[in-house]
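# Observations on the three-dimensional arrangement
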Amino acid sequence: MKSDFAAAHLHLDRACHYLRGDDETSRAALQALDLVIEAVAAAQHARPMADVLPFPRRANGGLPPLAS
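Think of each chain on its own: its residues are numbered from 1, step by step along the sequence as written. Where totals are concerned, whole chains, interfaces and linings use all residues; where local detail is concerned, this predicted model gives features only for residues with pLDDT of at least 70, and gives and counts side-chain atom pairs only at 80 or more. Only hydrogens and water are set aside; all other atoms, that is, all heavy atoms of the structure, feed into the side-chain values.

In this section: the overall build of the protein. Strands are runs of DSSP state E lasting at least two residues, helices are runs of H or I lasting at least four, and both sets are numbered from the N terminus onward. Tallying secondary structure elements over the protein gives 2 helices and 0 strands in all. Relative accessible area decides the class of each residue, using a 1.4 Å probe on protein chains only: under 20% of the type maximum gives buried, over 50% gives exposed, and in between gives partly exposed. Split into buried and exposed, the 68 residues of the protein put 9% on the buried side. The criterion used for residue contact is that any of the two residues' heavy atoms lie within 4.5 Å. If you take every contact in the protein between residues at least 6 apart in sequence, the share linking residues at least 24 apart comes to 43%. Using a 1.4 Å probe, the Shrake-Rupley method yields the accessible areas, and only the shown protein chains count as cover for residues. Carbon and sulfur atoms provide 60% of the accessible area of the protein, an area that totals close to 6,200 Å².

Have a look at this one:
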């Protein structure tokens, strides 16, 4: 199952909206949610690892000639 990072971000934003209190617990929860939101955003926009293909080389270590 794939994660739905966009939906998670939406719900975390809503949670921030509900934690509008001026008490220490609300402020601490908002700080923690900010960290989670940043992690979700980073995961949402991360690019998958690319496969690196080896470039063909000549036996003598030089590069092959360019095609004309």
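So, next bit.
Time to look at the nonpolar core. Generally speaking, soluble globular proteins have nonpolar side chains that are buried together. Grouping buried Ala, Val, Leu, Ile, Met, Phe, Trp, Tyr and Cys residues that are joined through side-chain atoms within 4.5 Å yields what is termed a nonpolar core. Among the nonpolar cores identified, the biggest contains 5 residues, and these are L12, C16, L33, I37 and V40. At the level of secondary structure, the elements contributing two or more residues to this core comprise helix 1 (5–18) and helix 2 (24–44). Looking at this core, the element that brings in the most residues is helix 2, giving 3 residues. In contact with I37, other than residues within four places in its own chain, are H9, L12, D13 and C16.

Once that is clear, we can look at the side chain of S26. Tracing the sequence through the fold places S26 in helix 2. With relative accessibility at 10%, the residue S26 sits in the buried group. Ignoring sequence-local partners within four residues, the contact set of S26 consists of L19 and G21.

Below, the discussion takes up the pattern of salt bridges. Pairing between side chains of opposite charge can happen when the charged atoms of each approach one another. Salt bridge, as used here, is a side-chain nitrogen of Lys or Arg placed within 4 Å of a carboxyl oxygen of Asp or Glu. This model, assessed by the stated rule, comprises 2 salt bridges. A salt bridge links R27 to D22; its shortest N-O distance comes to 3.2 Å. A relative accessible area of 67% means that D22 is categorised as exposed. Residue class for R27 comes out partly exposed when judged on its relative accessible area of 37%. Residues participating in the shared-partner salt-bridge network are D22, E24 and R27.

Turning to helix 2, a few remarks are in order. For a helix, the expected span equals 1.5 Å multiplied by the number of residues minus one. If you check helix 2, its first and last C-alpha atoms are 30 Å apart, about what 21 residues at 1.5 Å a residue would give, namely 30 Å. Taken as a whole, helix 2 has its buried residues at S26, L33, I37 and V40. Projected onto a plane normal to the axis of helix 2, the buried residues spread over an arc of 65° and lie on a single side. Exposed positions of helix 2 whose direction lies more than 90 degrees from the buried face are E24, Q31, L35 and E38. Looking at the buried positions of helix 2, the neighbouring elements they touch are helix 1. The directions considered for the arc run from the helix axis to the C-beta atoms.

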